[in-house]
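Below are the chains, spelled out letter by letter.
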Amino acid sequence: MKYSELAKVYERLELTSKRLEKTHFITQLLKSCSKEDLEKVVLLLQGKVFPSWDENKIGVAARTVLKSINQASGIEQNKIETEWKKIGDLGVVAEKLMGKKKQHTLFSQELTVTKVFNNLRKLSTLEGEGTVAKKNQLVTELLTSAEPLEVRYIVRTVLEDLRVGVGEGSLRDAIVWAFFPKPVGIFFKCDKCNTLNPSSKKCLSCGEDINTKFNIEAEKKFSGKTLEITKIEDVDIDTITNYDIVKAPDEKTARKVYDHFINLVQHAYDVSNDFGTVAQALKENGKKGLSKIALNPETPIKVMLAQKVSNVDEGFEKVGRPAAIEHKYDGFRLQVHKKGDKILLFTRRLENVTKQFPEVVDLVKDHINGKNFILDSEAVGFNPKTGKYLPFQHISQRIRRKYDIPELVKKLPVELNVFDVVEYEGKNMLRVSFKERRDLIKSIVKNTPKKIRIAEQIVTEDNKKAQKFYEDSLKEGNEGVMFKSLDAPYKPGSRVGHMIKLKPVMESLDLVIVGAEWGTGKRGKWLSSFTLACLDEDTHDFVEVGKVGTGVKEKEEEGLTFNQMTELLKPHITSEKGREVKIKPKIVIEVHYEEIQKSPTYGSGYALRFPRVIRLREDRNPKEISTLDMVEELFFEQKK
Ligand code: AMP
């Protein structure tokens, strides 16, 4: 397939926010893919060349791309940068600039999906000396051959920021629309262009009005290999993908059939964590291919996510009574995989952190019965001398640290709190009730404090007992509690409400001030806008995440004032230019915000939207502030 065909679909996807339209465009694309291209196209549609669990990442810095744009177009880097600051999207900038001016070389060739895919994959395999130059070359090569629209999407894909709005839901539905027969009554035929549409008033292909009533007339219009059924049990799932349409006696049955197809694909995705594998299996072997996809204790799955409530009553309302209520530990999530002698640990973002936690590997070996399993847990740090549990910030450095690991294990050990099981000895537990999963955990984990524990839990229907458990959990230094529905399955990657968190405050960040601006007018004698930074633990540098002025007051009786801030910061000013000053990172403040966005403006690559100062954190030294990892984590969490 030509890459330009994919680029055109990207553009159509970008231009509509309607989910049905998006799904329709993706369906058409998937249907037109050859066996060889399908998996690649499914990944590229999501802006990726590896499944999300794969450790390989494209990993190209914006600077490298900037240089490639310069090399492919001859346009000065300064100019590209200025436009980038103005427009904010390097893909659009490159498209705009390169549309006008392009280095025509003998080497340009029409791009195929395979060529782009392979070059992007190569980017992640490069190592050692000259890597940046080689990456540069691979990107430049693509840009040189690309047409302007292709440039936009190549740049964005390289930067891992595709932004065409392909959600998991539309991709899953498109796979069903492309590979399963269409039930009459859920799909309707357009009289003008013959497209089979979902329940949409206008044809998604030609825009003609369509009649979306379930009736005999509608059925007559359909042709193709037809499976006629009277009840859902008549659907022979193993041969189902051989048919084009399904005729059911009524709308309710048709809906059941359709939902069943959706569930099949969703389940295959839940276990494989890769739509590419799912689509490929369907294309090659129909439904039989799907049933071969199984959980693999070497591949991380997406973790189940929590919804939020603000009191105990709401907690029960969401998960029902009685509910399981557990301590919400202030650590980080670890997915524990065991396959024979091999133990692997993954973070909630599916990064492999096995090397960083050798002591956890040993704990799992010694304290959990079983040869193969996948468990879900929270690792919590504690002070080895006092035994006191430590808030997440203190141990977050362990996740990224690649050196001096044995020392760190001694200095900042963790305890594992197991709270769920997803697979055990080859049995997929995703659809088993939480109560049964919990019983299994109790039977396989040897509860050993400061090493490995079964998450503290009560089962109750009583508000008072729940409230007391919540307060006790807070007193013990935990973040709050989790409410869990006893009969619910495990839903990977979803915030479906089987698991609910209750904690006292909204997420805030502790950030250090590294710069400021003198005010104007009546604020002229005060520093009035403060540049905030978080800690990049890899480089030990402070990297900027935004500026804040809101929340600081003019009058003392209202709270923290500009005057106070100015007095605190003045001694730490290191340089001044115009109204701008640079400040030694000393003063920490707590900040609320509405959202975290990606941003080229700040060194962290992120910017806080609508930040507001809450208070000074005199108890915090700058080494203890929120880390870049945390900012990233919050960014990804809100995206979900
Ligand atoms: P939040 O990160 O605020 O959305 O809360 C959900 C997170 O709480 C999960 O991703 C886990 O990392 C963590 N957590 C701590 N204790 C538990 C528990 N007992 N059950 C489930 N998640 C827990």
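Values in this document were obtained by computation on a predicted structure and should not be read as measured data.

For the rest of this paragraph, the subject is the overall build of the chain. When its secondary structure is counted, the chain shows 22 helices and 25 strands. Computed over its C-alpha atoms, the radius of gyration of the chain comes to 27 Å, within 12% of the 26 Å expected for a compact globule of 640 residues. By principal-axis analysis of the C-alpha atoms, the chain measures approximately 80 × 70 × 50 Å. Summarising the internal contacts of the chain: among those between residues at least 6 apart in sequence, 68% fall at separations of at least 24. Surface summary for the chain: the accessible area is close to 29,900 Å², and the carbon and sulfur share equals 48%.

Right, let's talk about the sheet that holds strand β1 (residues 182-183) for a bit. Ordered by their spatial adjacency, 3 strands build an open sheet running β1-β5-β4, and the pairing between neighbours is parallel. Two strands close off the open sheet at either side, each with one partner strand: β1 and β4 (226-228). Note: β4 against strand β5 (residues 245-247), 3 bridges, orientation parallel. Note that in β5 the partner of Leu-227 across the bridge is Val-246.

Running from N to C, helix α1 (residues 3-15) and helix α3 (residues 35-45) cross one another at 35 degrees; their axes reach a closest spacing of 11 Å. Here the hand of the crossing between α1 and α3 comes out right-handed. For the pair formed by α1 and α3, the contact residues are Leu-6, Tyr-10 and Leu-13 on the first element and Val-41, Leu-44 and Leu-45 on the second. When grouped by side-chain class, the residues that make up the contact of α1 with α3 number 6 nonpolar, no polar and no charged.

Under the 1.5 Å per step criterion, the end-to-end length of α1 is 18 Å for 13 residues, consistent within 8% with the ideal 18 Å. Residues of α1 that are buried include every one of Tyr-3, Leu-6, Ala-7, Val-9, Tyr-10 and Leu-13, and no others. For α1, the angular spread of the buried residues around the axis is 160 degrees, confining them to a single face. Seen from the open side of α1, the exposed residues pointing more than 90 degrees away from its buried face are Lys-8 and Leu-15. Among the structural elements, α2 (19-32), α3, α7 (113-125) and α9 (148-158) are those in contact with the buried residues of α1.

The subject of this paragraph is the domain arrangement of the chain. Looking at the assigned domains, one finds that the chain contains domain 1 (3-158), domain 2 (168-272), domain 3 (307-502) and domain 4 (509-639). Domain 1 and domain 4 are separated by 35 Å when their C-alpha centres are compared.

Two modes of strand pairing occur in sheets, parallel and antiparallel, and in both the strands are linked by backbone hydrogen bonds. An order of β6-β16-β15-β7-β14 is seen for the 5 strands of this open sheet, with the pairing classed as mixed. Two strands close off the open sheet at either side, each with one partner strand: β6 (307-309) and β14 (457-460). Sheet twist, expressed as the mean angle between neighbouring strand axes with direction ignored, is 30 degrees. Contacts from helix α14 (residues 312-319) reach β6, β7 (323-328), β14, β15 (480-484) and β16 (499-502), with the element oriented near 25 degrees to β15. Its contacts with the sheet place helix α20 (residues 463-475) against β7, β14, β15 and β16, and it is angled at close to 140 degrees to β15.

Arg-333, Glu-378, Lys-484, Lys-501 and Lys-503 are the nearest of the 14 residues found near the ligand. Separating an oxygen atom of the ligand from a side-chain N or O atom of Arg-333 is a distance of 2.9 Å. Lys-501 is positioned such that a nitrogen or oxygen atom in its side chain is 2.4 Å from an oxygen atom of the ligand. Of all the elements in the fold, those that place two or more residues in the shell around the ligand are β7, β15 and β16. The greatest single-element share of the shell around the ligand, amounting to 3 residues, is contributed by β7. Per-class residue counts for the shell around the ligand are 4 nonpolar, 1 polar and 9 charged.

Let's shift gears to the side chain of His-367. With respect to the helices and strands, His-367 occurs in helix α15 (residues 358-367). Those residues within four positions of His-367 in sequence are excluded, and the remaining contacts are Ile-444, Val-445, Lys-446, Thr-448, Lys-451 and Ile-452.

Okay, the packing of helix α4 (residues 62-73) against helix α8 (residues 131-145) next. Between two packed helices, the angle of one axis relative to the other and the distance separating the axes together describe the packing. Here α4 crosses α8 at 50 degrees, and the two axes come no closer than 8 Å. Here α8 runs oblique to α4, going by the angle between their axes. The handedness of the crossing between α4 and α8 is right-handed. Where α4 abuts α8, its residues Thr-64, Lys-67, Ser-68, Ile-69, Gln-71 and Ala-72 lie against Val-132, Lys-135, Asn-136, Val-139, Thr-140, Leu-143 and Thr-144. Across the contact of α4 with α8, the residue classes tally to 5 nonpolar, 6 polar and 2 charged.

Take the pairing of strand β8 (residues 332-339) next. Along β8, 7 of the 8 residues are buried, which leaves the element largely enclosed by surrounding structure. Direction of pairing for β8 relative to strand β10 (residues 372-381): antiparallel, over a ladder of 8 bridges. Residue Lys-339 lies in a different strand from β10, and its bridge partner there is Asn-372. In the sheet, β8 pairs with strand β9 (residues 342-346) via 5 bridges, with the strands oriented antiparallel. Directly across from Val-336, in β9, lies its bridge partner Leu-345. With antiparallel pairing between neighbouring strands as the criterion, β8 and β9 make up a hairpin whose turn holds 2 residues, including Gly-340 at a positive phi of roughly 60 degrees.

Let's shift gears to the pattern of salt bridges. As enumerated under the stated definition, the model contains 43 salt bridges in all. Residue Arg-152 pairs with Glu-14 through a salt bridge whose shortest N-O separation is 2.9 Å. With Arg-152 in helix α9 and Glu-14 in helix α1, the pair connects residues that are 138 residues apart, well separated along the chain. The buried category is assigned to Arg-152, whose relative accessible area is 11%. Classification of Glu-14 as partly exposed rests on a relative accessible area of 30%. Its salt-bridge partner being Glu-141, residue Lys-115 comes within 2.8 Å of it at the nearest N-O pair. Taken together, the positions of Lys-115 in helix α7 and Glu-141 in helix α8 put the pair 26 residues apart, joining distant regions of the chain. Residue classification places Lys-115 among the partly exposed residues on the basis of a relative accessible area of 21%. For Glu-141, a relative accessible area of 32% translates into the label partly exposed.

Calculation criteria
Residues numbered from 1 in each chain as written. Predicted model: local features only at pLDDT ≥ 70, side-chain atom pairs only at ≥ 80, totals over all residues. Heavy atoms only, no water. Helix = DSSP H or I, 4+ residues; strand = E, 2+ residues; numbered from the N terminus. Rg over C-alpha atoms; globule rule 2.2 N^0.38 Å. Contact = heavy atoms within 4.5 Å. Areas by Shrake-Rupley, 256 points an atom, 1.4 Å probe, with all protein chains shown as cover. Pairing = 2+ DSSP bridges. Axes fitted to C-alpha atoms, helices over the stretch in contact; angles between N-to-C directions. Left-handed = near helix turned anticlockwise from the far one by under 90°. Nonpolar A, V, L, I, M, F, W, Y, C, P; charged D, E, K, R; others polar. Expected span 1.5 Å × (residues − 1). Buried < 20%, exposed > 50% of the residue type's maximum accessible area, 1.4 Å probe, protein only. Arc of directions from axis to C-beta. Domains from an automatic or database assignment. Near = heavy atom within 4 Å. Polar contact = N/O pair within 3.5 Å; in protein donor to acceptor, adjacent residues only side chain to side chain. Parallel < 35°, antiparallel > 145°, perpendicular 65-115°, else oblique. Salt bridge = Lys/Arg side-chain N within 4 Å of Asp/Glu carboxyl O.

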